[in-house]
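# Chains, contacts and geometry: an overview
The lines below spell out each chain.
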Amino acid sequence: MHHRLLFVTAICAVTACRAPSAAAPAPEPVAPPAVTAPVTRGGGDVVRLGPSALRYVLHQQIHVEQQFQGQTQTIDRGIRLFVSATISGPADSAGYPVTFTLDSIVPDSGSVIPTTINLAAARGLTYTGRLTPSSEFRQTSSSDSTLAQSFAQIIGAFKNFYPRVPPAGLTLGAEWTDTTSTKDRAGIDVTINAISHSRATAWEHRNGARCLRLEVSSTYAVVGAGEQGGQPLEVSGTGARTGVQFLAVDGRYLGGEVHDSSSIVVGLPVQGMTVPVRQISHSTISVLP
């Protein structure tokens, strides 16, 4: 669950310069779901991500509005990504070996996927790498780099699939702030500077397991420049996101939910134009039986 899908969609929308469509009402960000399962307060357990083999479904929904030549253009896209994730032990100095294997990518009804992408080809595509002590996935290879690159614009990578956890582990009541600066290629080269505040707020029961609820809120700024479709582009903007993640006491990641809202300006220096883009996304990760 990351920013890449948003930025790629915005950039592609601007460079495509498609015919305007009627503006659709933008969905309002929804607060993380209330706790409905039994909650156990207290307990000194230390939670760390560890070896596991689970199947997940990632559901990403995005709404984009851009002002172009005096009219509002909109994009609404949703996809479901079915994936197996295996964390193998033991860990070494680089972390745990991790493998993600795609099963299928299914678009929501009415979602338009670029014609250059063959969704059926996703089956069996693997991404391998390491899970660092802070739970960041660092990819080292894929089974088909060309195919992986073609899917990057709709699914990105798995860098932020797992929630960030302190190397010493997570305990109830833990609270910390991270400041990060990351570089990515989302159509063009971009730098994302983020400040994230994380809190482990409660013990819950989810998917039959005792787990910690981790709540994260962050603000970020993005800036980038490059070329797309033969024309130079400049990107700048800010955004905010809120999320809730669940980590089982036995080290399994049990999914979560993220809401993201941003305002971005795409500059077209040759044309002397700027295109404001408003983006809202909702992403969920759920464990499959």
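Residues numbered from 1 in each chain as written. Predicted model: local features only at pLDDT ≥ 70, side-chain atom pairs only at ≥ 80, totals over all residues. Heavy atoms only, no water.

## Details of the overall build of the chain
Our working definition: We count a stretch as a helix when DSSP gives it H or I for four or more residues in a row; a strand needs E for two or more, and each element gets its number in order from the N terminus. Each residue is placed in one exposure class: buried if its accessible area under a 1.4 Å probe, protein chains only, is under 20% of its type's maximum, exposed if it is over 50%, and partly exposed if it falls in between. Pairs of residues are marked as contacts when any of their non-hydrogen atoms sit within 4.5 Å.
Looking only at helices and strands, one finds two helices and twelve strands in the chain. Starting at the N terminus and walking to the C terminus, you meet the elements of the chain as α-β-β-β-β-β-β-α-β-β-β-β-β-β. Relative to its full complement of 289 residues, the chain shows a buried share of 45%. At a minimum sequence separation of 6, the contacts of the chain that also span at least 24 residues come to 67%.

## Some words on the environment of serine 236
Residue placement: serine 236 occurs in strand β10 (residues 231-248). In this structure the C-alpha to C-alpha distance between serine 236 and valine 190, which are 46 residues apart in sequence, comes to 8.9 Å. Setting aside anything within four residues of it in sequence, one finds serine 236 in contact with Val222, Val223, Ser263, Ile264 and Val265.

## Notes on unusual backbone geometry
In this structure, the amide linkage connecting glycine 89 to the following residue, proline 90, adopts the cis form with an omega of 0 degrees. Looking at the secondary structure, you find proline 90 in the loop between β3 (71-87) and β4 (96-107). One non-glycine residue with positive phi stands out, namely serine 135, at about 75 degrees. Owing to a relative accessible area of 3%, serine 135 belongs among the buried residues under this scheme. Phi is positive for asparagine 207, close to 50 degrees, though the residue is something other than glycine. Relative to the assigned elements, asparagine 207 resides in the loop between β8 (188-206) and β9 (209-228).

## Quick word on helix α2 (residues 145-155)
Counted only if it meets this: The definition of a polar contact used here is a pair of N or O atoms within 3.5 Å, where within protein one atom must be able to donate a hydrogen and the other to accept one, and adjacent residues in sequence count solely through side-chain atom pairs.
By the burial criterion, the buried members of α2 are Ala148, Phe151, Ala152, Ile154 and Ile155. Its side-chain oxygen placed 3.2 Å from the backbone nitrogen of threonine 146, aspartate 144 serves as the N-cap of α2. At the C-terminal side of α2, glycine 156 shows a positive phi close to 65 degrees.

## Quick word on the packing of aromatic side chains
Applicable threshold: Geometry of aromatic contacts follows a simple scheme: Phe, Tyr and Trp rings, the Trp one being its six-membered ring, pair when their centres are within 6.5 Å, and the pair is stacked under 30 degrees between planes, edge-to-face over 60, tilted otherwise. Charges are assigned to positions over rings by a cutoff of 6 Å between ring centre and Lys NZ or Arg CZ, combined with an angular limit of 35 degrees from the ring normal.
Here the structure, examined in full by the defined rule, presents eleven aromatic pairs. Between phenylalanine 158 and phenylalanine 161 the ring centres are 6.1 Å apart and the planes differ by 65 degrees, which places this aromatic pair in the edge-to-face class. In terms of burial, phenylalanine 158 and phenylalanine 161 fall into one category: buried. Between the aromatic rings of phenylalanine 161 and tyrosine 253, the centroid separation amounts to 5.7 Å while the plane-to-plane angle is 80 degrees, which identifies the pairing as edge-to-face. A residue pair is termed long-range when its members are at least 10 positions apart, and phenylalanine 161 in the loop between α2 and β7 (175-186) and tyrosine 253 in strand β11 (residues 253-268) qualify at 92 residues. As far as burial versus exposure is concerned, phenylalanine 161 and tyrosine 253 are alike and both buried. Taken together through their ring pairs, the aromatic side chains of Tyr56, Phe100, Tyr127, Phe137, Phe158, Phe161, Tyr162 and Tyr253 make up a single cluster. It is arginine 210 that lies over the ring of tryptophan 203; its NZ or CZ is 3.8 Å from the centre.

## What to know about the environment of histidine 259
Along the chain, histidine 259 falls in strand β11. C-alpha of histidine 259 to C-alpha of alanine 240: the two residues are 19 residues apart in sequence and 8.4 Å apart in space.

## Topic: the pairing of β3
For the record, the criterion: Two strands qualify as a pair provided DSSP detects at least 2 bridges between them.
Across 17 bridges, the pairing between strand β2 (residues 52-68) and β3 is antiparallel. By the bridge assignment for β3, glutamine 66 is matched with glutamine 73. Hairpin connection between β2 and β3: a loop of two residues separates the two successive antiparallel strands, and glutamine 69 in this loop has a positive phi of roughly 50 degrees. Sheet analysis places β3 next to β4, joined by nine bridges and oriented antiparallel. Bridge pairing links alanine 85 to phenylalanine 100 in β4.

## Concerning the nonpolar core
We count it as follows: Only buried Ala, Val, Leu, Ile, Met, Phe, Trp, Tyr and Cys residues count toward a nonpolar core, and they belong to the same one when joined by side-chain atoms within 4.5 Å.
Counting residues in each nonpolar core, the largest one holds 47 residues, and the members touching the most others are Tyr56, Phe100 and Tyr162. Not counting residues within four places of it along the chain, the set of residues in contact with tyrosine 162 comprises Leu49, Tyr56, Ala85, Ile87, Val98, Phe100, Leu131, Ser135 and Tyr253. With 17 residues, the next largest nonpolar core counts Phe68, Val190, Ile192 and Val266 among its residues.

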